[in-house]
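Here's the letter readout for the chains.
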Amino acid sequence: GRDSFLALVEENGVWKSLAFDSAGHLTQSIEFQGLSHAAAFVFLKKSQRFVILTDDPQPKLHWYSIKGQPSADQPTAAEKKKKRQKHAVAIRVISRVVAAMRPCFCAHVVGSDSKGQVFLAGRDGDQRGGEYIVTLDSDGNSLGDVPVDPSDAPITEIGRASCRER
């Protein structure tokens with residue numbers, strides 16, 4: 001929700017998302033099964049999926065879903081909040097190799113519209129390659145890419161224009 005934030009942490013070799021309320025209290029811990037070398041992540045509210053960028057020998061994007069998570073058309077938000085587990089486990093649903101999205105693509109920033117789209121910023125090849133933002137949906141399908149004007153590169157962060165949810 002608007003009054004919470006997520007942090008990606010590694011604890012004893014296990015990667016987790018920790019959710020905190022606006023007062024800084026831990027409200028939920030979600031463990032990502034089989035994840036290593038995590039670099040950044042986003043949460044897609046509409047599909048209730050986490051998308052995690054790894055920087056292991058072959059960088060990938062991994063989509064995770066929480067085990068037993070109700071679908072969006074079932075309980076109300078108040079019912080979900082009551083039933084939310086303090087500790088949950090997320091399982092990998094999809095993985096995509098970053099370099100397969102664009103030839104020689106090297107991603108360094110991941111962001112989202114926080115609802116259903118993932119934005120991945122990076123560079124094609126060496127220093128002469130251009131910067132691009134690749135857009136994917138919540139199922140890992142490519143929606144396109146946009147070249148970044150060299151005067152605006154490199155991209156260091158992708159965020160929403162407004163912090164207010166409507």
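Residues numbered from 1 in each chain as written. Predicted model: local features only at pLDDT ≥ 70, side-chain atom pairs only at ≥ 80, totals over all residues. Heavy atoms only, no water.

### Let's talk about the sheet that holds strand 11 (residues 142–147)
Spatially, 4 strands are ordered 8-9-10-11 in an open sheet, and the strand pairing comes out antiparallel. Two strands close off the open sheet at either side, each with one partner strand: strand 8 (105–112) and strand 11. Strand-to-strand, the axes of this sheet are offset by a mean angle of 25°, without reference to chain direction. (Pairing = 2+ DSSP bridges. Helix = DSSP H or I, 4+ residues; strand = E, 2+ residues; numbered from the N terminus. Axes fitted to C-alpha atoms, helices over the stretch in contact; angles between N-to-C directions.)

### Quick look at unusual backbone geometry
Phi at His-37 is positive, roughly 60°, even though this residue is not glycine. For His-37, the position within the fold is in the loop between strand 3 (26–32) and strand 4 (38–44). Under the relative-accessibility criterion, His-37 is labelled partly exposed at 44%. Even without a glycine there, the phi angle at Gln-48 is positive, about 55°. Its relative accessible area of 16% is what places Gln-48 among the buried residues. (Buried < 20%, exposed > 50% of the residue type's maximum accessible area, 1.4 Å probe, protein only.)

### Structural notes on the sheet that holds strand 4
Pairing is mixed across the open sheet formed by 7 strands, whose spatial order is 1-2-3-7-6-5-4. Bordering the open sheet on either side are strand 1 (4–11) and strand 4, each of which pairs with just one other strand. This sheet shows a mean twist of 30° between the axes of neighbouring strands, independent of strand direction.

### Let's talk about the pattern of salt bridges
In the structure shown here, the tally under the stated rule is 3 salt bridges. Note that Arg-49 and Asp-139 form a salt bridge whose closest N and O atoms lie 2.9 Å from each other. Note that Arg-49 is positioned in strand 5 (residues 49–54) and Asp-139 in the loop between strand 10 (131–137) and strand 11, a separation of 90 residues in sequence. Across the pair Arg-123 and Glu-131 runs a salt bridge whose closest N-O atoms are separated by 3.7 Å. Both residues of the pair, Arg-123 and Glu-131, count as buried. (Salt bridge = Lys/Arg side-chain N within 4 Å of Asp/Glu carboxyl O.)

### A short note on the environment of Ser-151
Locating Ser-151 in the fold gives a position in the segment after strand 11. Polar contacts involving the side chain of Ser-151 include one to the side chain of Asp-149, which spans 2.6 Å. (Polar contact = N/O pair within 3.5 Å; in protein donor to acceptor, adjacent residues only side chain to side chain.)

### Side note on the confidence of the model for the chain
In this model, the chain carries an average pLDDT of 81, and 80% of its residues clear a pLDDT of 70 or more. For residues 160–166, every residue scores under 50 in pLDDT, and the model assigns this stretch 7 contacts once sequence neighbours within four places are set aside. (pLDDT = per-residue confidence, 0-100. Contact = heavy atoms within 4.5 Å.)

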